[in-house]
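Each chain is listed here by its residues.
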Amino acid sequence: MILHMTSNQPIRVAVAGASGYAGGETLRLLAAHPHVEVGAVTAHSNAGARLGELHPHLRSLAHKVLEPTTPESLKGHDVVVLALPHGASGEIAAQLPEDVLVLDLGADHRLESAADWEAFYGSAHAGTWPYGLPELVRPDGTRQRAALAGARRVAVPGCNVTAVTLGLQPGVAAGLVETRDLVAVLAVGYSGAGKALKAHLLASEALGSAQPYAVGGTHRHIPEIVQNLRAAGGEDVSLSFTPVLVPMSRGILATATARLVQGTTPAQVREAWELAYADEPFVEVLPEGQWPTTAMTLGANTALVQVAVDEAAGRVVTVTAIDNLVKGTAGAAVQSMNLALGLRETAGLVTEGVAP
Ligand SMILES: NC(=O)C1=CN([C@@H]2O[C@H](COP(=O)(O)OP(=O)(O)OC[C@H]3O[C@@H](n4cnc5c(N)ncnc54)[C@H](OP(=O)(O)O)[C@@H]3O)[C@@H](O)[C@H]2O)C=CC1
Ligand SMILES: CC(=O)N[C@@H](CCC(=O)OP(=O)(O)O)C(=O)O
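Residues numbered from 1 in each chain as written. Chains lettered and ligands numbered in written order. Predicted model: local features only at pLDDT ≥ 70, side-chain atom pairs only at ≥ 80, totals over all residues.

### Side note on the overall build of the protein chain
1) Next: What the protein chain contains, in helices and strands, is ten helices and 13 strands.
2) Next: Relative to the globule expectation of 21 Å for 356 residues, the C-alpha radius of gyration of the protein chain, 20 Å, shows essentially globular dimensions.
3) Next: Each principal axis of the C-alpha distribution contributes one length, and for the protein chain these read about 60 × 50 × 45 Å.
4) Next: Going through the 356 residues of the protein chain one by one, you find that 48% of them count as buried.
5) Next: Taking all contacts inside the protein chain whose residues are at least 6 apart in sequence as the whole, residues at least 24 apart take part in 72%. (Helix = DSSP H or I, 4+ residues; strand = E, 2+ residues; numbered from the N terminus. Rg over C-alpha atoms; globule rule 2.2 N^0.38 Å. Buried ≥ 20, exposed ≤ 12 C-beta atoms within 10 Å, placed from the backbone. Contact = placed C-beta atoms within 7 Å.)

As structure tokens, this is what we get:
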């Protein structure tokens, strides 16, 4: 497959898992992307249905028919997006040509450690791909985006991971926080759990209640966050991580705190966070005193970050808001696709949210 960056030919993109939330959101962004033509859309139990039956909001793509997810149905595209359950993408990705750009929205190719994968996912490790968080800071000041240029395989991060990593990494990279004592508590929306019916997601029980899950060091995003913060310069990283489902459809509000290295001043903290994101198109440190809300990021590829020092506790407190389906997955995939193909990084993505 030849990619058409220098010609006027559109880039043909197939989406596998198109009937799900992450696949649907990817299609919403791709439908508005200036250089993309949506090709095959595939599904599992919903193969044969029209896309409009599953995603009635995707008007321009409503006529498309969902094909079964096979290497054959994904053939003939420049880019393939895999929005499949964990464990399903490794096998299919291995059957796709090496020169096709494959973006995996699932977890299969994110972790470097096979032992971590086996401990948290309980199956054989599929391998490690370049990681699709362009803003990930390296200790030498470079960013992960350099590793995405020209890539033909990209592992898109987990949504909770993106929020916590973006909140904490400026302090880690600047050596201002004790990485052995990190705590993150997240308010997360229900769409993060996917479309498949789950017993704890009955609307009658979920609406009007907040419920924690994967408490006590069991959440599979812990090794991924630790991996990122190590990449940012943390040597000995230990994280307590607790997500809490709250009655909203989309959004993550991650509060992450860390003990400050003794002698660190509030001015140093402010400077480190502001400098880390000064040139980032999609990550913004809000003006002092303004706190992010999930509503400010809905529909946008934006991460909004705020930071404060709790002097009595000796801790830095960060709050990060993202839309789990945009910066948390589909938007990150499009941003990574743009970088991998040499397009403008921001093509097809917006920073403006939907309000009220
Ligand atoms: N939701 C979110 O906020 C985020 C999701 N992700 C990741 O994206 C991926 C998709 O998640 P999400 O969209 O939420 O999940 P959904 O349950 O909404 O969608 C799952 C999709 O996978 C298909 N599918 C189900 N089983 C199989 C199978 N055995 N083989 C092939 N396809 C299958 C489904 O098809 P059908 O409907 O036809 O059965 C559907 O298209 C997951 O890996 C998830 O972790 C990542 C970050 C955030
Ligand atoms: C509410 C809810 O269940 N959220 C999911 C987040 C899904 C996600 O980001 O990512 P991956 O599954 O791709 O890792 C969770 O916490 O597991």
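### A closer look at the site of ligand 2
1) Next: In the vicinity of ligand 2, the residues found are Gly-106, Ala-107, Gly-158, Cys-159, Asn-160, Val-188, Gly-192, Ala-193, Pro-243 and Leu-245.
2) Next: Mapped onto the shell around ligand 2, the elements with two or more residues apiece are α6 (159-173) and β9 (239-245).
3) Next: Taken together, the residues that form the shell around ligand 2 break down as six nonpolar, four polar and no charged. (Near = placed C-beta within 6 Å. Nonpolar A, V, L, I, M, F, W, Y, C, P; charged D, E, K, R; others polar.)

### What about the nonpolar core?
1) Next: Counting 102 residues, the largest nonpolar core has Ala-16, Val-81, Leu-82 and Leu-103 as its most contacted members.
2) Next: Among the elements that take part in this core, helix α10 (residues 326-341) stands out by supplying nine residues, more than any other.
3) Next: The residues that make up this core include at least three from each of domain 1 (11-156 + 327-341) and domain 2 (160-326).
4) Next: Not counting residues up to four positions away in its chain, the partners in contact with Val-81 are Val-13, Val-15, Ala-16, Thr-26, Leu-103, Leu-105 and Ala-333. (Core = buried A, V, L, I, M, F, W, Y, C linked by C-beta atoms within 7 Å. Domains from an automatic or database assignment.)

### Remarks on the UniProt feature "active site" (unreviewed entry) in the protein chain
1) Next: The positions UniProt marks with the feature "active site" (unreviewed entry) are Cys-159.
2) Next: As for its position among the elements, Cys-159 is in helix α6.
3) Next: The exposure class assigned to Cys-159 is buried, which follows from the 28 C-beta atoms found within 10 Å.
4) Next: With sequence-adjacent residues up to four places away left out, Cys-159 is seen in contact with Gly-192, Ile-252, Asn-324, Gly-328 and Thr-329. (UniProt positions renumbered as here; feature names shortened; annotations may be inferred.)

### Focus on the UniProt feature "domain: Semialdehyde dehydrogenase NAD-binding" (unreviewed entry) in the protein chain
1) Next: Per the UniProt record, "domain: Semialdehyde dehydrogenase NAD-binding" (unreviewed entry) is annotated on residues 12-144.
2) Next: Helix makes up 21% of residues 12-144 and strand 17%, whereas the separation of the span's terminal C-alpha atoms amounts to 25 Å.

### Examining the site of ligand 1
1) Next: Near ligand 1 there are 30 residues, and of these Gly-20, Ala-43, Gly-106, Gly-194 and Lys-195 occur at the shortest range.
2) Next: Contributing elements (two or more residues each) for the shell around ligand 1: α1 (21-31) and α10.
3) Next: If one sorts the elements of the shell around ligand 1 by residue count, α1 sits on top with three residues.
4) Next: Class assignment for the residues of the shell around ligand 1 results in twelve nonpolar, 17 polar and one charged.
5) Next: Counting contributing residues per domain, the shell around ligand 1 is built from domain 1 (11-156 + 327-341) and domain 2 (160-326), each supplying no fewer than three.

### Comments concerning unusual backbone geometry
1) Next: Geometrically, the link from Ala-355 to Pro-356 is a cis peptide bond, its omega value of 0 degrees lying close to zero.
2) Next: For Pro-356, the position within the fold is in the segment after α10.
3) Next: The backbone of Ala-214 shows a phi angle near 45 degrees, a positive value even though the residue is not glycine.
4) Next: On the secondary structure map, Ala-214 appears in the loop between β8 (211-212) and α8 (222-231).
5) Next: Looking at Ala-214, the number of C-beta atoms within 10 Å reads 14, which means it is partly exposed.

### Things to note about the domain arrangement of the protein chain
1) Next: Under the domain assignment used here, the protein chain contains domain 1 (11-156 + 327-341) and domain 2 (160-326).
2) Next: The distance between the C-alpha centroids of domain 1 and domain 2 comes to 23 Å.
3) Next: Contacts between the two partners involve 25 residues from domain 1 and, on the opposite side, 29 residues from domain 2.
4) Next: Every element with two or more residues in the side of domain 1 that touches domain 2 is listed here: α1, α4 (114-121) and α10.
5) Next: Ranked by residue count, the leading element in the side of domain 1 that touches domain 2 is α10, at seven residues.
6) Next: Considered class by class, the residues forming the side of domain 1 that touches domain 2 number twelve nonpolar, six polar and seven charged.

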